[in-house]
Amino acid sequence: MTKKQGTLYGIGVGPGDPELLTVKAVKILAHVDVVFTASSTRNTFSLAVDIARPHLPETVDVRHLSFPMTQDKEALKSAWRENSLEILSVLDKGKDAAFLTLGDSMTYSTFGYILQDIRDVRPDVSIVTVPGITSYQAAAARMNVPLVEGEESLLLTSGAYGGGNVRKFSDCAENVVLLKAYKNVKDITRALAESDMIENSRAIRKCGREGEEIIEDIRVLADREPDYWTLILAKQGRKKDGM
Ligand SMILES: C[S@@+](CC[C@H](N)C(=O)[O-])C[C@H]1O[C@@H](n2cnc3c(N)ncnc32)[C@H](O)[C@@H]1O
């Protein structure tokens, strides 16, 4: 007998190392009927599937959902809706599906939009989200640098538009994590210098993946080709010895 409706699992696959998926994610991936992943409209490559591959049964049905790389809200909304309907068509057949996202499924992730859109269309659908290790947690571990200690605070922000949030909020937090530190990284380095954080900042490219690079002096980023897979961990003051 088939179930009335399947469950959608939002799975964070972590930053790159297949050993950094949770046990829960691995168990779910072993039994879902369909695995969805976001791809750009230009190709069907999915890093998330690559990372999860060792945990996927060979015969599992992997489907690429395309999301346009655009700021056009209407185009985005219509892509979310189209993709939500495709996921719902699977769940309605009584099948379980996973939606893979890099890092954590609730941190700057396409899954957040899909989740909201599916809820709008069908509030009754069963959705289970399984968290993943974020890129910046992996980066802190890789560089052996604590993210926060004692009574400190941490500002997590996107650097896509530059260092604006560093200027606005760095007085309130001793530690800053900037994701999407690529096309406007020059302005990010300027903002970190203004906030007395540049000396105690580090960046990492492709953490845990082939081509990984740790950048101890982030000022060099200002003169480089931007790389989307770059994040910065910054702290007030100067670097401590051995860190
Ligand atoms: C759309 S956000 C996705 C964040 C992801 N959901 C997470 O939990 O880490 C993409 C940004 O995350 C950062 N990122 C993701 N994976 C990374 C990695 N392996 N190494 C360095 N930065 C990474 C980069 O700053 C990139 O621009």
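As the structure is a computational prediction, the values presented were derived from the model and not from experiment.

About the cut-offs
Residues numbered from 1 in each chain as written. Predicted model: local features only at pLDDT ≥ 70, side-chain atom pairs only at ≥ 80, totals over all residues. Helix = DSSP H or I, 4+ residues; strand = E, 2+ residues; numbered from the N terminus. Rg over C-alpha atoms; globule rule 2.2 N^0.38 Å. Contact = placed C-beta atoms within 7 Å. Domains from an automatic or database assignment. Axes fitted to C-alpha atoms, helices over the stretch in contact; angles between N-to-C directions. Parallel < 35°, antiparallel > 145°, perpendicular 65-115°, else oblique. Nonpolar A, V, L, I, M, F, W, Y, C, P; charged D, E, K, R; others polar. Pairing = 2+ DSSP bridges. Buried ≥ 20, exposed ≤ 12 C-beta atoms within 10 Å, placed from the backbone. Near = placed C-beta within 6 Å. Expected span 1.5 Å × (residues − 1). Arc of directions from axis to C-beta.

A few points about the overall build of the protein chain
Part 1: When its secondary structure is counted, the protein chain shows 7 helices and 10 strands.
Part 2: Relative to the compact-globule value of 18 Å for 243 residues, the protein chain shows a C-alpha radius of gyration of 19 Å, a close match.
Part 3: By its C-alpha atoms, the protein chain is 65 × 40 × 35 Å across when sized along the principal axes.
Part 4: In the protein chain, the proportion of contacts linking residues at least 24 apart, taken out of those at least 6 apart, comes to 72%.

Regarding the domain arrangement of the protein chain
As a measure of interface size, the accessible area lost when the parts come together is often cited.
Part 1: Domain parsing of the protein chain yields domain 1 (7-130) and domain 2 (135-235).
Part 2: Averaged C-alpha coordinates put domain 1 and domain 2 at centres separated by 27 Å.
Part 3: The partner domain 2 presents 7 residues to the 7 residues of domain 1 that form the contact.

Here we look at the packing of helix α3 (residues 73-91) against helix α4 (residues 110-121)
Part 1: The interhelical angle for the contact between α3 and α4, taken along N-to-C directions, is 70°, at an axis separation of 9 Å. By the angle class used here, α3 and α4 are roughly perpendicular. Residues Trp80, Arg81, Asn83, Ser84, Ile87 and Leu88 of α3 form the contact with α4, whose own contacting residues are Tyr113, Ile114, Asp117, Ile118 and Val121.
Part 2: Of the residues contributing to the contact of α3 with α4, the split by class is 7 nonpolar, 2 polar and 2 charged.

Digging into the sheet that holds strand β1 (residues 7-12)
Part 1: Taken in spatial order, the 5 strands of this open sheet run β3-β2-β4-β1-β5, and their pairing is parallel. Each edge of the open sheet carries a strand with a single partner, namely β3 (61-67) and β5 (126-130). Within this sheet the neighbouring strands show an average axis-to-axis angle of 25°, counted without direction.
Part 2: Bridge analysis of β1 against β5 gives 5 bridges, and the strand direction is parallel. Note on β5: the bridge partner recorded for Gly10 is Thr129.
Part 3: Across the face of the sheet, α4 comes into contact with β1, β2 (34-40), β3, β4 (97-101) and β5 while running at roughly 145° to β4.

Remarks on the pairing of strand β10 (residues 230-235)
Part 1: The element β10 is extensively covered by neighbouring structure, given that 6 of its 6 residues are classed as buried.
Part 2: Burial along β10 is two-sided: Thr230, Ile232 and Ala234 facing one way and Leu231, Leu233 and Lys235 facing the other are all buried.
Part 3: Pairing analysis gives 4 bridges linking strand β7 (residues 175-179) to β10, with the strands arranged antiparallel. If you follow Val177 over to β10, its bridge partner there is Leu233.
Part 4: Examined bridge by bridge, strand β8 (residues 201-205) and β10 share 5 bridges and lie antiparallel to one another. Of the residues in β10, the one forming a bridge with Arg205 is Thr230.

A few points about the environment of Glu152
Part 1: For Glu152, the location among the structural elements is in the loop between α5 (135-143) and β6 (154-158).
Part 2: With sequence-adjacent residues up to four places away left out, Glu152 is seen in contact with Glu174 and Asn175.

A short note on the site of the ligand
Part 1: Around the ligand, a shell composed of 23 residues is seen, among which Gly103, Thr134, Ser135, Leu179 and Cys207 lie nearest.
Part 2: Classifying every residue of the shell around the ligand gives 10 nonpolar, 9 polar and 4 charged.
Part 3: Both of domain 1 (7-130) and domain 2 (135-235) provide at least three residues apiece to the shell around the ligand.

Focus on α3
Part 1: Compared with the 27 Å implied by 1.5 Å per residue over 19 residues, the 27 Å span of α3 between its first and last C-alpha is a close match.
Part 2: Among all positions in α3, only Ala79, Trp80, Asn83, Ser84, Ile87 and Leu91 are buried. With its buried residues spanning 135° around the axis, α3 presents them on a single face. Of the exposed residues in α3, those oriented more than 90 degrees away from the buried face are Glu74, Ser78 and Ser89.
Part 3: Those residues of α3 hidden inside the fold are in contact with β1, β2, β3, β4 and α4.

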